[in-house]
Amino acid sequence: MTLQEYTASAHNFEECMKCTICTAYCPVVPVNPRYPGPKQAGPDGERLRLKDPYFFNKALKYCLNCKRCEVVCPSGVKVADIIQAARIKYDRSKPKIRDRMLAGTDFMGTLARPFAPIVNGMTGLGATKAVLDATLAIDRHRTFPKYSAHGFEGWLKRHAREQAKFERQVAYFHGCYVNYNFPQLGKDLVKVLNALGVGVQLLEGEKCCGVAMISNGMTREATRHAQHNVSVLQKAVDKGLTVVTTSSTCTFTIRDEYPELLKVDNAGVRDALVLATRYIYQALESGAATLRFREDYHARIAYHTPCHLEKLGWGLFSQELLKMIPGVEFILLDSNCCGIAGTYGFKKENYEASQAIGKPLFDQVEAVNPDFIACDCETCKWQLEMSTGYTVKHPISILAEALA
Amino acid sequence: MKRNDYDVIIVGGGITGAGTARDCAMRGLKVLLVERHDIATGATGRNHGLLHSGARYAVTDQESANECIRENMILRRIASHCVDETDGLFITLPEDDLNYQAKFVESCLAAGISAEILDPKEALRMEPSVNPDLIGAVKVPDGSVDPFRLCAANMLDAKLHGAQVLLYTEVTEFIKEGDMVKGIRTFNHQTHQSAEYYAAITVNAAGIWGHHVAEMAGVPIGMYPAKGALLIFAHRVNDVVINRCRKPANADILVPGDTVCVIGTTSTKIPFEECDNVRVTPDEVNLLIEEGAKLAPALASTRILRAYAGVRPLVSADNDPTGRNISRGIVCLDHETRDGVKGFISITGGKLMTYRLMAEMATDLVCRKLHVDKACETATLPLPGSERKSFKEVAEQIWENPTTAQKATAGRLGTGAARIKDTSPLGQSLICECEEVSVGEIDAAIQRLDVSNLVDLRRRTRVGMGTCQGELCGCRAAGLLARAHGCTERARADLKDFMTERWKGMYPIGWGDALREAEYTQWVYKHVLGV
């Protein structure tokens, strides 16, 4: 390599020009004075940490990992990646039982689902919430998502034969939420894709994408999941299948966090993994398929773009699909983090910050007064439903109910 | 004694002058130190900041090597807050002669320097950034030392022991009575006033400028200014000093210092007229990058912060008028015995590493002349800030759960960090974001360390030494100085000087990220701040 050939440094954090726009856009900075902000925590802090790991600041845990800093950075600095990588490298504190519980979506789901009615009843109780708040520091305002007695995987296996009849096929990375909590979203996806003439099949044993493990310091577990998922995805790719998803965060994690944070090579599968709304939009746009919608469908829909979807740059596909439905009055909500950030907002110590971050969004929803909110992210959904009282539907579910 | 009478006047506010002032003051002398600029503006602040083990000189100069290792061990004790005990490697690359290694190790051991041959793989584990093609490595007790901090701490301790320090005060003339130097006439560049100061002994500790100082006193010293250029990289690529195991040559030392690392140096003889304004040439920059990348290949793609150069005060041996036989050793001249000029001595040559020994030698001579019989204690008594070994202990003791900035403060000031009491949100807010310097730390420096402008402030706090090179901190620090001095206009002019000085160092390496940042900074200053 020629000396100093690439005028930009090979060390990404050195490309920071200190313009501080990341800190100006960070949702945490205005609500939590203990958080040093993305520039300080990221590229600035990195130089000190390289000098001595002693300079690692525990306050980095306040980062939501929403990636808004990276979206706005004009220098292409991977600010949030630097922060998360520093947490992985330097934070020696062990995850608490609570953090393991919150992060173990797969494990908890498998455990809870057979007893879904009982578990759902229990977690909804005020007394249970008070106990969780006192013992595990899970904020009492939060309600755990309900578990579904029948998982999505089982359902799709039962319908595998009819799905196989479609000439065009996709594989579906459904994620924990669809499997354990809300199989209806998976069923809605199958309905919409079938209407496009596409059959849906399961991957050969997907696991939780691991996003909650990453943010709760369970890097080793997350890496194991990542390696497993990449190999499973590779099998689908080898069969020539596109893999669609409905969770923006799972998608983002597999595409970007695996190689950047977990150092798991996903080059062979990255491009094959797409959000279903993008897949559908492109199918319609190319003229390869059409959808027929009900004529009596009417809804005033406020759409919230999840942070990770903004980072992917794919919010547009969900938005445009919703606009295609006749009878939809579409309102795009301002870009604003809802504040939940996965398991972050469930933690008692983050509750106030979490709600303060989302407040402008909640206020706007109330001002707009839609029939319901549309959003591609399950944790945004919990936050918005709890904080605004409005129902949140996934764009795929909206498409499904509007189909003729 | 009259107000302007002293036992000893020291000319020069570099590390030698500061160390000598401290030593003299600790032996009970009444001391005045005059410096025409600020502390550490010459070679003191313009070198690698390498805490030599002496290994570099072991083969060629056993005496210097032995001085280095002894002073190395002393500085670890007395200046712990200025020293980073990193250790060093002497690596052999395929193009070097591996036979040199045996001779090198033997010479190190003879000089009292521990030198351990490492397997190249082990060396790579110890320092992952080192050139993986290395065929040999020797571990030695090198380290890094912050010369600004070291100089400021010596100056502070001299003052705590009663010395008076006059900065921006230039010697214009010696007051002589026959063959006797009785004192100095000075001009203060800030107040524009002249003054006279008297002392039994005047010590010339002016580095390369000592050549002219001696001339002014009527004695010749054959000095040879040798420019050395260096590059600063934007982060610590290496945690261990990396040297080449061969005869000392250009650009063969890479030193991790604080948040950066420094490659150097070159060696070019320059005329005396250039000593006040040395510039780094494109050829020097190329050579430094090229040779540096052989030590640590990552340097080829690491952002460069700035380039700078210093001038070594080399002295030709007295018996060699041609100047060919140049010593890098310590030169302590008693001009009474050498030239018949009484009351005047010069302490020069030497290195940053051996400043304390130089100071001891000069002070011993002063004491002999003044018939003062008190032993030197500078090798045992710690400098202010170094009363405790570990800055981490200091930080944890002062603050419960210290912030990154508080940890950085403890790293810079050692136990002196306890003086920064301003724990208000304003006091804790950052002036320099790259190096994490708080308002409280700046205010403390202004009050305690003779700061008259932003460049002075930089030398004492690292403000403006980080990646942004003053982009964010310059204007904020100017605000604090304006408050302290009660003059906005002065701070405005000062800010301009400060930024010009920052740009001077960025100019030779003006490409890539450094250029982008410089452009952005210019935009901020010109169009946003209207400076």
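Residues numbered from 1 in each chain as written. Chains lettered and ligands numbered in written order. Predicted model: local features only at pLDDT ≥ 70, side-chain atom pairs only at ≥ 80, totals over all residues. Heavy atoms only, no water.

Caption draft 1: The arrangement of the overall build of chain A in detail. Across its full length, chain A holds 21 helices and eight strands. The C-alpha radius of gyration of chain A comes to 21 Å, within 12% of the 22 Å expected for a compact globule of 404 residues. Classification of the 404 residues of chain A by burial places 60% in the buried group. Long-range contacts, defined as pairs at least 24 residues apart, comprise 77% of the intrachain contacts of chain A with a sequence gap of at least 6. Of the roughly 16,700 Å² that chain A leaves accessible, carbon and sulfur atoms contribute 54%. Taking the average location of the 49 positive side-chain charges in chain A and that of its 42 negative ones, the two points are 6 Å from each other. (Helix = DSSP H or I, 4+ residues; strand = E, 2+ residues; numbered from the N terminus. Rg over C-alpha atoms; globule rule 2.2 N^0.38 Å. Buried < 20%, exposed > 50% of the residue type's maximum accessible area, 1.4 Å probe, protein only. Contact = heavy atoms within 4.5 Å. Areas by Shrake-Rupley, 256 points an atom, 1.4 Å probe, with all protein chains shown as cover. Lys, Arg positive; Asp, Glu negative; His and termini not counted. Charge placed at Lys NZ, Arg CZ, Asp CG, Glu CD.)

Caption draft 2: Fine view of the environment of Trp155 of chain A. All names here are of chain A. Within the secondary structure, Trp155 sits in helix H9 (residues 152–158). Sequence separation between Trp155 and Asn179 is 24 residues, and the spatial gap between their C-alpha atoms is 9.5 Å. The contacts of Trp155, once residues within four sequence positions are left out, are Lys187 and Val190.

Caption draft 3: Spatial organisation of a nonpolar patch on the surface. A surface patch of nonpolar side chains, amounting to about 420 Å² of accessible area, comprises Phe115, Ile118, Met122 and Leu125 of chain A. Looking at the secondary structure, you find Phe115 of chain A in the loop between helix H6 (105–112) and helix H7 (116–124). (Patch = residues over 30% accessible without salt bridge, like charges linked within 9 Å, V, L, I, M, F, W, Y side chains within 5 Å. Salt bridge = Lys/Arg side-chain N within 4 Å of Asp/Glu carboxyl O.)

Caption draft 4: A look at the domain arrangement of chain B. Residue and element names in this part refer to chain B. Each domain of chain B was delimited in the assignment, giving domain 1 (5–43 + 148–222 + 323–370), domain 2 (82–144 + 225–311) and domain 3 (420–528). The centre of domain 1, based on its C-alpha atoms, is set 31 Å off from the matching centre of domain 2. The interface of domain 1 with domain 2 comprises nine residues on the first partner and eight residues on the second. If you sort the residues of domain 1 by the area they bury against domain 2, Arg149, Ile208 and Trp209 come out on top, with a joint share of 56%. Summed over the shared surface of domain 1 and domain 2, the number is two salt bridges. The residue Arg36 makes a salt bridge to Asp276 at a minimum N-O spacing of 2.6 Å. (Domains from an automatic or database assignment. Buried area = accessible area lost by both parts, 1.4 Å probe.)

Caption draft 5: Structural context of the interface of chain B and chain A. Across the contact, 42 residues belong to chain B and 30 residues belong to chain A. Summing the contributions of chain B and of chain A, the shared interface buries around 3,100 Å²; its carbon and sulfur component is 51%. Applying the counting criterion to the chain B and chain A interface returns four salt bridges. For the pair chain B and chain A, the interface holds 17 residue pairs in polar contact (both at pLDDT 80 or more). The set of elements that each furnish at least two residues to the side of chain B that touches chain A consists of helix H8 (282–295), helix H11 (391–398), helix H12 (404–413) and helix H18 (512–528) of chain B. (Polar contact = N/O pair within 3.5 Å; in protein donor to acceptor, adjacent residues only side chain to side chain.)

Caption draft 6: Molecular detail of the domain arrangement of chain A. Residues and elements named next belong to chain A. Each assigned domain of chain A is listed with its residue range as follows: domain 1 (12–90), domain 2 (97–136), domain 3 (152–285) and domain 4 (299–402). Each of domain 1 and domain 4 has a C-alpha centre, and these two points are 26 Å apart. Counting residues at the interface gives 13 residues for domain 1 and 14 residues for domain 4. Carbon and sulfur atoms supply 65% of the area buried between domain 1 and domain 4, which totals about 1,100 Å² over both sides. Here domain 1 and domain 4 share two salt bridges between them. One salt bridge in this structure joins Glu70 and Lys311, with 3.6 Å as the shortest N-O distance. Applying the counting rule to domain 1 against domain 4 returns three residue pairs in polar contact (both at pLDDT 80 or more). Considered class by class, the residues forming the side of domain 1 that touches domain 4 number eight nonpolar, one polar and four charged. (Nonpolar A, V, L, I, M, F, W, Y, C, P; charged D, E, K, R; others polar.)

Caption draft 7: The arrangement of the pattern of salt bridges in detail. In total, this model carries 70 salt bridges over all chains according to the counting rule given. Where Arg56 of chain B meets Asp252 of chain B, a salt bridge forms, and the shortest distance between an N and an O atom there is 3.0 Å. Note that Arg56 of chain B is positioned in helix H2 (residues 55–58) and Asp252 of chain B in the loop between strand S14 (241–244) and strand S15 (253–257), a separation of 196 residues in sequence. This pair shows no difference in class: Arg56 of chain B is buried, exactly as Asp252 of chain B is. Through salt bridges that share partners, Arg47 and Lys51 of chain A together with Asp146, Arg149, Asp258, Glu435 and Arg462 of chain B make up one connected network.

Caption draft 8: The packing of helix H15 (residues 454–461) of chain B against helix H17 (residues 488–506) of chain B, seen in detail. All names here are of chain B. H17 packs onto H15 with a crossing angle of 55 degrees between their chain directions and a minimal axis gap of 8 Å. Looking at the two axes, H15 sits oblique to H17. Contacts between H15 and H17 involve Leu454, Val455 and Arg458 on the former and, on the latter, Asp494, Leu495, Phe498, Glu501 and Arg502. Classifying every residue of the contact of H15 with H17 by side-chain character gives four nonpolar, no polar and four charged. (Axes fitted to C-alpha atoms, helices over the stretch in contact; angles between N-to-C directions. Parallel < 35°, antiparallel > 145°, perpendicular 65-115°, else oblique.)

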